[in-house]
Structures are given as structure tokens and as C-alpha cells.
Amino acid sequence: MTVLVLGGAGYIGSHTVYALIEKGEDVVIIDNLETGHIEAVHPKARFYKGDIRDRAFVDSVLDKEKIDAVIHFAANSLVGESMTNPLKYYDNNVNGTKVLLQSMVAHGLNKIVFSSTAATYGEPERVPILETDRTEPTNAYGETKLSMEKMFKWTDRAHGLKYVSLRYFNACGAHVSGQIGEAHKPETHLIPLILQVPLGQREAISIFGNDYPTKDGTCIRDYIHVTDLAQAHILAVDYLMKGNDSNIFNLGNGVGFTVNEVIETARKVTGHPIPAVMAERRAGDPAQLIASSEKAKTILGWKPEHADLEEIIATAWKWHSTHPNGYAK
Ligand code: UFG
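These lines cover the structure that appears in this document, whether it is placed above or below. What you see is a predicted model, and the numbers here were worked out from it, not measured in a lab.

Around the ligand, 21 residues are found, and the nearest of them are His 189, Ser 206, Arg 221, Arg 282 and Asp 285. At 2.8 Å, a side-chain N or O of His 189 approaches an oxygen atom of the ligand. The separation between an oxygen atom of the ligand and a polar side-chain atom of Arg 282 is 2.7 Å. Alone, the ligand offers 690 Å² of accessible surface; in the complex the protein occludes 92% of this. For the shell around the ligand, the secondary structure elements donating two or more residues are helix 6 (190–195) and strand 8 (205–208). In terms of residues, the shell around the ligand owes the most to one element, strand 8, which gives 4 residues. Taken together, the residues of the shell around the ligand sort by class into 12 nonpolar, 6 polar and 3 charged.

A few words now on the pattern of salt bridges. According to the stated counting rule, one finds 19 salt bridges in the structure shown. Between Arg 46 and Asp 26 there is a salt bridge, and its shortest N-O distance comes to 2.9 Å. Of this pair, Arg 46 sits in strand 3 (residues 46–49) while Asp 26 sits in strand 2 (residues 26–31), and the two are 20 residues apart along the sequence. In this structure, Glu 81 and Lys 88 form a salt bridge, with 2.9 Å as the shortest nitrogen-oxygen distance.

Think of two packed helices as two axes; the pair is described by the angle between the axes and how far apart they sit. Relative orientation of the contacting elements helix 1 (residues 11–22) and helix 7 (residues 226–241) amounts to 60°, with a least axis distance of 8 Å. Considering only the axes of helix 1 and helix 7, their crossing is right-handed. Residues Tyr 11, Ile 12, His 15, Thr 16, Ala 19 and Leu 20 of helix 1 pack against Val 226, Thr 227, Leu 229, Ala 230, Gln 231, His 233 and Ile 234 of helix 7. Each residue belonging to the contact of helix 1 with helix 7 can be placed in one class, and the counts come to 8 nonpolar, 5 polar and no charged.

Looking now at the environment of Asp 133. Here Asp 133 shows up in the loop between strand 5 (111–117) and helix 5 (140–159). Given the relative accessible area of 9%, Asp 133 is considered buried. The sequence separation of Asp 133 and Asn 85 amounts to 48 residues, and the corresponding C-alpha distance is 28 Å. In this view, Asp 133 contacts Tyr 121, Glu 125, Arg 126 and Pro 128; residues no more than four positions away in its chain are not counted.

This next bit is on empty space enclosed by the protein. In total, this model carries 1 cavity of 30 Å³ or more according to the counting rule given. Counted as a void, the largest cavity has a volume near 40 Å³. Lining the largest cavity, in full, are Cys 172, Gly 173, Ala 174, Glu 182, Ile 191, Pro 192, Ala 316, Trp 319 and His 320. Of all the secondary-structure elements, those providing two or more residues to the lining of the largest cavity are helix 6 and helix 10 (309–322). Among the elements that make up the lining of the largest cavity, the one with the highest residue count is helix 10 (3 residues). Taken together, the residues of the lining of the largest cavity break down into 6 nonpolar, 2 polar and 1 charged.

Definitions and cut-offs
- Residues numbered from 1 in each chain as written.
- Predicted model: local features only at pLDDT ≥ 70, side-chain atom pairs only at ≥ 80, totals over all residues.
- Heavy atoms only, no water.
- Near = heavy atom within 4 Å.
- Polar contact = N/O pair within 3.5 Å; in protein donor to acceptor, adjacent residues only side chain to side chain.
- Areas by Shrake-Rupley, 256 points an atom, 1.4 Å probe, with all protein chains shown as cover.
- Helix = DSSP H or I, 4+ residues; strand = E, 2+ residues; numbered from the N terminus.
- Nonpolar A, V, L, I, M, F, W, Y, C, P; charged D, E, K, R; others polar.
- Salt bridge = Lys/Arg side-chain N within 4 Å of Asp/Glu carboxyl O.
- Axes fitted to C-alpha atoms, helices over the stretch in contact; angles between N-to-C directions.
- Left-handed = near helix turned anticlockwise from the far one by under 90°.
- Contact = heavy atoms within 4.5 Å.
- Buried < 20%, exposed > 50% of the residue type's maximum accessible area, 1.4 Å probe, protein only.
- 1 Å grid on protein atoms, 1.4 Å probe; cavity = no way out; pocket = protein on both sides within 12 Å on 5 of 7 lines; lining within 4 Å.
- Points joined across faces, edges and corners; volume = space filled by probe spheres on them.

Have a look at this one:
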């Protein structure tokens, strides 16, 4: 089977490409390298540098390659940036997906798995969150992902293009080999920021708010290992290849950790005291996000294998301590 991975040079995309190749699949990657890294591209994948908003470019790849299914990671994903520059998110995420779908429909390509997010829910009504719960994003990033989900729904209705939308909770960790990992610029995510302290790149980690209605006052998140996310994409492709209908799945461990607990675990893993300082709440942060992933477990047969937070942080530490500047030399 040949799988086209859009955004295959990015964080979750590169881990999924590694998992597909480990499984013996043929992989074609499209990435514009705006936030992705050429060093993260698996040497066995066929790589095309270009932008999914460029219809002629997407058509040229689909003309040349015989693709069975598409996995779509190519998007901007910074919540803060989406609030100051929402149109960038509508252009790349929504418009980019529209161009991609036009090309797929024209080429008779009718299977796609794509990255959605817990940010589609906004402030949850309850936890654990079910796929059928209210979706009311509190940021432009989540809104564009929800728009993409709706675009898929109507494209399915009109053209029979089947999709699986995977709503990730907090992606983290790195490939067990230590060869690829998380490398964002700017970095905004909790675990890599914490690990910058033992790397000597940051004095202390700031805790954004300690007056939330949680057990220690700090926000609770559901941290899910990137390799477990990668496996879910492979299962979702298999699900579509078997002729199943379009569907939406949450992906998380179903266990929440507070910011304090994550810092404490990182201290244990690194052996560094990692000083923490209290800071103001960050705008738009829900108090807690915890997934119910029962649907993915039941229907896709998904089983997260790196659910232990200590193990998750240990894989991240292996990557960051050997690549303190990410992919930069
Ligand atoms: N946090 C800190 N200090 C920091 C960074 C983060 O206390 O320096 C806290 C945040 O306030 C939050 C938690 O750590 O409570 C996790 O923050 P991240 O930025 O790592 O992740 P988010 O939960 O904000 O974001 C994740 C994904 C987004 C997605 C969002 C859905 O990274 O893509 O979940 O809400 F949109």
C-alpha cells in the first residue's frame, strides 16, 4: 500500500512515517518545510517539497504517484498565534485542505485520515470528553480544525470521500530510537519547555495559573505518546481500507496529570531540581482536558503502549538531551 503523508516532516507526521515504514508500507511525503524539518524525513520515503495550497503542485504529485490513502498533518497549530493571526490559520488549514480535497476528488482518491484536536471542544462540559460532546472552540486554531472536519463531512456526502478525524489530546514524547522528536520554534508546549531547564537553556519553568479548580490548582491535561498517536493513524488507514464509513475518534490515555505532577515527574526522570515559578493564567486554557478514547479502542482496536508519564518524559528527555537544539546543528 502507498500512503501519502502531508506534513510528514513535522512532529506527529514524522513519527507516523517511521511507524508506516516500520510496518513495511510505501510512503510519499509532501511538506513545505515551513515548520517541518528535512532531517525528520525518513530516508525510505519519497519526498516532495511543496505547499498543499498549490493545486498544480498537489495535482502533479497525485498524477505521478499511485496513492491508496492520505494522512493529513499539514497545518499550523499554535493556539496563541491563531488568536493574533487567525487568517493565516484559515488560509493554511482550511483553504489548504479545500485545495487538497479538490485534487483528491479529481483523482478519484477517496480515503483520508487527518489531525484534529481536543481544541475542537473548547471548555468541556464534562470529563472524560466523548466525541459526541459539544464542540465550541475557544481559539481560532480549534475553529479551523472543526471547519476542516465539517468540510470532510460534506465532501463525503457529495463525493463519497471517506475520512477519519483523530482528535488528539496532548501529544508528547519522542521515538524510542531517539532519532526524531519534538522541535518547534517557538516552543510553547509544557514538556519540552520543562526539559529546557536541565538542558541549561531556561532558568525555571513557569506554571500558568495555580488557582484552577483542580486538586493542586494547576491545569490537568491528558498526555499521549506520539508513537501511540502514530499507531492510531495506521489503524485508521486500515479501517478505511476495509471499506468502513467516515468517523471521528478521540486519542488520549484517559488519565489527567496536573502541571505540577508533570514537573515533578520530569525532576525524577532527569535528576535535576527544575525550579518552578508561578505565573498568570494563560488566556484560553481550560482547567482540565481528559479524553474518553473508548471509541478508538473498541472500533479501531487501538491500545496505547506508552501510557506511563515517566516513560513518556524519558523518551522526550532522550531526544532533547541528545538534540538540545532540535534538528539544528
Ligand atoms: N503550561 C505551563 N507553563 C508553560 C507551558 C504550558 O504551565 O510554560 C501549562 C498550560 O497552561 C497547560 C499545560 O501546561 O495547562 C499544557 O500546555 P501545552 O501548551 O503543552 O498544551 P495545551 O494543552 O495548551 O495544548 C494542546 C495542544 C494544542 C491543542 C490543545 C487543545 O498542544 O495543539 O492542547 O486544548 F490545541
